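Results of the structural survey
Residues per chain are reported as follows:
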Amino acid sequence: MGKRIGMENALAAAEAAALCRPDVIAAYPITPNTHIPEHLSDIVAEGRLDAEYICVESEHSAISACCGASGAGARTFTATSSQGLLYMQEVLPIVSAMRLPVIMAIGNRAVSGPINIWNDHSDIMYQRDTGWVSLFAANGQETVDMVIQAFKIGEHRDVMLPVNINLDGFQLTHVVEPIFMPDQEEVDRFLPPYKPFAQLHPDKPMSMGALGLPEIFSEAMRAKDEAILQSKKVVLDVWKEWEKQFGRRYEPIESYKTEGAEILLLTMGSMGETAEVAVDELRKDGMSVGLLKIKLWRPFPFEELRKAVRGAKALAVMDRALSVGGPGGPVFAEIRSALYGEPKKPRTLNFIIGLGGRDVQVGDFIKMAKKTASTKKVKPEDAYEIYGARE
Amino acid sequence: MTEKKWPETWQEVNPGCMVFRPGSASEYHTGSWRAKRPIWDNAKCIKCGVCYMYCPEGCITEDKEGFFGANLDYCKGCGICAHECWPAAITMVNEED
Amino acid sequence: MSTANLNPKKRFENFELYVPKLIEKKEYFGPGHRACQGCGEALAIRMMCKALGKDTVIANATGCMEVISSVYPTTAWSLPWIHVAFPNSAAVGSGVSAALKNLRRKGRIPDRYVKTVAIGGDGGTVDIGFQALSGAMERGHDMLYVCFDNEAYMNTGIQRSGATPFGSSTTTAPAGKASIGNKTWKKNVAEIMVEHGLPYVATACHSYPIDFMNKVKKARSIKGPSYIHCLSVCPTGWRSTSETCIKLGRLAVETGIFPLYEVEYGKYKITVDPPEKLRPVADYIKPQGRFRHLAPDQIKGIQERVLMEYNKLMNKVKHSKSWDELKAL
């Protein structure tokens, strides 16, 4: 039986990864996710986990070593943030194309320019097209749960794709929270040993990473696309199984007090918890407002989103990243795309908040909700607003 | 049985474009690249195997009697075997002849 | 053109002439690959695989050999093989080596030793792959790294690399009225690897196949990191004829430009004796089109530098002591 503990979320993520019995861990430290590889190396050094811990010399080599290890049939884990994630970007689409279930924890941090070590989502937003399944954790419990679920999702024979778990740097990684940590027996029951689809071994020689000429490239992409679309079904199944065994429920888009709500706020990551407090306060004041929290980012839950916003008059999308020179916030762009064909859709506003670790408070959510309520018509020029940037 | 040259549908592409048929490159016959081909004179051949050793294609094989010859499906006509042959038992002749 | 008169008596004494009959017959790197006619690198890989045997996993960097051998849906390899990207074959190899070690310990794969070999061209080793190589070797993974050095980025069209020799014309450092071509001397990666403290480092060439294959076998038996730098003649990039592939490799050794040696636990040893009097570098330079723009005084400059580098190595060989000998001093 697992037990309730108070632990820093990054250490908890490391403990959760260790419970999944990875065989090879290759990680390079970068603030704010450093505590994850550090704690994993502690666990290996203490002999609690039989794994090869490779202190690679860069993030690019970290993901490459994970590729090689996963190709040889090992369960692999790595962790990074921001610049490290961008450094390994060359290899990220290759991991998913090669169908290797590498699991990565990302402590979301702002992408440089100017260099900033604090939290925002810009690093993961650069990876939208890499073909990885992406989960967003809003608190420590979700982090632990999602790390364990990620292994099961990625290694499923219908998926065979890498998965990343996103937790806000500092806001989550360095925060101590009460977490119900499952024990080894429970995790072993949930997550069976890794049986790779194919592995590098002389008993059955095969080649991985072949050259794809134009004659087959489109077909290969279609196959990869199909895999990530099918992964949604597996994610839902794994979440159902999780609820059955552990009692905690997960949905691609979690609704908070949205029944009959006219105004909806939409968040991803830990700021959802702050938004919940704001929603409670606003409802006390009589505003008909609710909150949607996205947990499954890739593959994007189009169906669930359309269902969730049906009937609402206005939707405020809170982005923690900016698609520079593009359509505002990345989440906003996907939402607009999802709602494009809907005959009746809420008017949608976009607030870019919390960039580079700027604190987002209950008062900010209240202000944004009130602005959403009072904006009767959205002009294209007002399509997005970098909230809080001093004029 | 050789597989079709290109998988026709996307369902036929192996996951991750993995290739499970070791050595299947042999389905592609590089012999059409040749402009010259090697001819062995077994009277001069001393059966040393140096031509077999130096062939980049690995298409030179030993027959039952110990003499050597190139598999013309793959021989690209580079001429290394003729150049390295100690007793000069191999000559390169034009393909058209 | 035959090599029938090249020192047959000496070869006969060493029985090297008939050794081809004793080497492994299976073609782990089979025909049907799309390498150029007379490709030295393909030949070197073929030889390396024969020396490695069945229980090997290859991690290949992007380059000529990866592209010509693995055109989906076929592969020329009969060994387990993985290719990920250009700069990371050493990092991928580290992962494979760690995984094989761990899985064997846990009993998830059969209990026998499988060697991890990471290979790359000079681009993927000396330039873009240098960081991964240095990191992997420093971490001491049980892995052999073989660099197939054809002295330029051949796969992308003969561009200059860190291993391009002085004075050679490449497409990004071309010879012209205002330039001699490549203006820098070849990066000596083998010596850099010696300084990483590897138990075994060697240089080799496909023109000396028995020497090369023995070195591969020796490196395979080392339960730790090892490095082999194999000079591979590229007739396409060096603008030489396809049939002189082997001859040019021999000339590189006989002129002292690329001495074949090994460093075992710190002790240097020349494994193929060059002739007592080194041949002039002009013999090596003349058959290659990439050097055809060089004037006699430039060739003289190259000759001087080659001699200096050769003497530097010979000096190391003369005074070298193995690690055990150094401990006992």
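Keep in mind that this is a model prediction, so the values were computed, not measured.

Let's talk about the overall build of chain B
Within chain B, the regular secondary structure consists of two helices and four strands. Scaling as 2.2 N^0.38, a compact globule of 97 residues should have a C-alpha radius of gyration of about 13 Å, whereas chain B reaches 17 Å, well beyond that. Dimensions of chain B, computed from C-alpha atoms along their principal axes, come out at roughly 55 × 30 × 20 Å. Taken over 97 residues, chain B has a buried fraction of 44%. For chain B, restricting intrachain contacts to residue pairs at least 6 apart in sequence, the fraction spanning at least 24 positions comes to 66%.

Overview of the overall build of chain C
Assigned secondary structure in chain C consists of 13 helices and 10 strands. The C-alpha radius of gyration of chain C comes to 19 Å, within 12% of the 20 Å expected for a compact globule of 329 residues. Viewed in the frame of its principal axes, chain C has a C-alpha envelope of about 65 × 55 × 40 Å. Taking all 329 residues of chain C together, the buried fraction comes to 56%. The contacts in chain C between residues at least 6 apart in sequence include a share of 68% that link residues at least 24 apart.

Some remarks on the interface of chain C and chain A
With 42 residues of chain C at the interface, the matching set in chain A holds 40 residues. Broken down by secondary-structure element, the contributors of at least two residues to the side of chain C that touches chain A are β1 (56-60), β2 (81-83), α4 (89-106) and α6 (130-139) of chain C. By residue number, the principal contributor to the side of chain C that touches chain A is α4(C), which donates 13 residues. Looking at the side of chain C that touches chain A, its residues break down into 24 nonpolar, 12 polar and six charged. Looking at chain direction, strand β9 (residues 207-208) of chain A and β2(C) are connected through two bridges and run parallel.

A closer look at the sheet that holds strand β12 (residues 289-294) of chain A
Residues and elements named next belong to chain A. Across the sheet, six strands lie side by side as β10-β12-β11-β14-β15-β16; this open sheet has mixed pairing. Edge strands, defined here as strands with exactly one partner in the open sheet, are β10 (253-256) and β16 (384-386). Across this sheet, the average inter-strand angle for adjacent strands is 20°, counted without regard to direction. Packing of helix α12 (residues 330-339) onto the sheet brings it into contact with β11 (263-268), β14 (314-319), β15 (347-352) and β16, and relative to β14 it is tilted by some 145°.

Some words on the interface of chain B and chain C
Listed as interface residues are 37 residues of chain B and, on the opposing side, 38 residues of chain C. Looking at the side of chain B that touches chain C, the elements with two or more residues in it are α1 (50-54) and α2 (80-84) of chain B. The residue inventory of the side of chain B that touches chain C, partitioned by class, reads 22 nonpolar, 10 polar and five charged.

What about α12(A)?
Residues spaced three or four apart along an α-helix face the same direction, because each turn holds 3.6 residues. Within α12(A), the full set of buried residues consists of A:Pro330, A:Val331, A:Phe332, A:Glu334 and A:Ile335. In the core, the buried residues of α12(A) are packed alongside α6 (122-125), β11, α11 (302-309), β14, β15 and β16 of chain A.

Let's talk about the packing of helix α3 (residues 59-71) of chain A against α4(C)
At a minimum axis separation of 6 Å, α3(A) and α4(C) run at an interaxial angle of 45°. If you check the angle between α3(A) and α4(C), you find them oblique. Between α3(A) and α4(C) lies a crossing of right-handed hand. Every residue of α4(C) that contacts α3(A) at A:Ser61, A:Ser64, A:Ala65, A:Cys66, A:Cys67, A:Gly68, A:Ala69 and A:Gly71 is listed here: C:Ala91, C:Val92, C:Gly93, C:Ser94, C:Gly95, C:Val96, C:Ala98 and C:Ala99.

Examining unusual backbone geometry
Residues and elements named next belong to chain A. In this structure, proline 114 follows glycine 113 across a cis peptide bond, with omega equal to -15°. Assignment of secondary structure puts proline 114 in the loop between β5 (103-108) and α6. With an omega of 0°, the peptide bond between arginine 298 and proline 299 qualifies as cis. Its identity as a non-glycine residue notwithstanding, phenylalanine 170 has a phi of 65°, on the positive side. By the element assignment, phenylalanine 170 lies in the loop between β7 (163-168) and β8 (176-181). C-beta crowding within 10 Å serves as the criterion here: with 19 such atoms nearby, phenylalanine 170 is assigned to the partly exposed category. Look at lysine 257: it is not a glycine, yet its phi comes out positive at around 55°. Among the structural elements, lysine 257 can be located in the loop between β10 and β11.

Remarks on the environment of C:Tyr227
You can see C:Tyr227 is positioned in strand β8 (residues 226-231). Exposure remark for C:Tyr227: the 28 C-beta atoms within 10 Å place this residue in the buried category.

Description of the sheet that holds strand β3 (residues 52-54) of chain A
All names here are of chain A. Strand order in the open sheet formed by seven strands is β3-β2-β4-β5-β7-β6-β13, with mixed pairing between adjacent strands. The outermost strands of the open sheet, each flanked by one partner alone, are β3 and β13 (296-298). The sheet shows a mean angle of 20° between the axes of neighbouring strands, taken without regard to direction. Of the pairings in the sheet, the one linking strand β4 (residues 76-80) to β5 comprises four bridges and is parallel in character. The residue of β5 that forms the bridge with threonine 78 is methionine 104. Together, β2 (24-26), β3, β4 and β5 form the strand contacts of helix α2 (residues 35-45), whose direction differs from that of β3 by roughly 140°.

Some words on the confidence of the model for chain C
Within chain C, residue pLDDT values average 92, and 95% of them lie at 70 or more. Taken as a whole, residues 1-5 of chain C scores under 50 in pLDDT and shows 10 contacts with residues more than four places along the chain or in a different chain.

What to know about the packing of α4(C) against α6(C)
All names here are of chain C. Two elements in contact, α4 and α6, have axes separated by 7 Å at closest approach and are oriented at 30°. Considering their axes alone, α4 and α6 lie roughly parallel with respect to each other. Listed contacts from α6 to Ala90, Ala91, Gly93 and Ser94 of α4 are Ala132, Leu133, Ala136 and Arg139. Considering only residue class, the contact of α4 with α6 consists of five nonpolar, two polar and one charged.

Description of the environment of B:Lys47
Residues and elements named next belong to chain B. Structurally, the position occupied by lysine 47 is in the loop between β1 (36-40) and α1. The class for lysine 47 is partly exposed, based on 14 C-beta atoms found within 10 Å. For the pair lysine 47 and glutamine 11, spaced 36 residues apart in sequence, the C-alpha separation works out to 50 Å. In this view, lysine 47 contacts Gly66 and Phe67; residues no more than four positions away in its chain are not counted.

Rules behind the numbers
- Residues numbered from 1 in each chain as written.
- Chains lettered and ligands numbered in written order.
- Predicted model: local features only at pLDDT ≥ 70, side-chain atom pairs only at ≥ 80, totals over all residues.
- Helix = DSSP H or I, 4+ residues; strand = E, 2+ residues; numbered from the N terminus.
- Rg over C-alpha atoms; globule rule 2.2 N^0.38 Å.
- Buried ≥ 20, exposed ≤ 12 C-beta atoms within 10 Å, placed from the backbone.
- Contact = placed C-beta atoms within 7 Å.
- Nonpolar A, V, L, I, M, F, W, Y, C, P; charged D, E, K, R; others polar.
- Pairing = 2+ DSSP bridges.
- Axes fitted to C-alpha atoms, helices over the stretch in contact; angles between N-to-C directions.
- Parallel < 35°, antiparallel > 145°, perpendicular 65-115°, else oblique.
- Left-handed = near helix turned anticlockwise from the far one by under 90°.
- pLDDT = per-residue confidence, 0-100.

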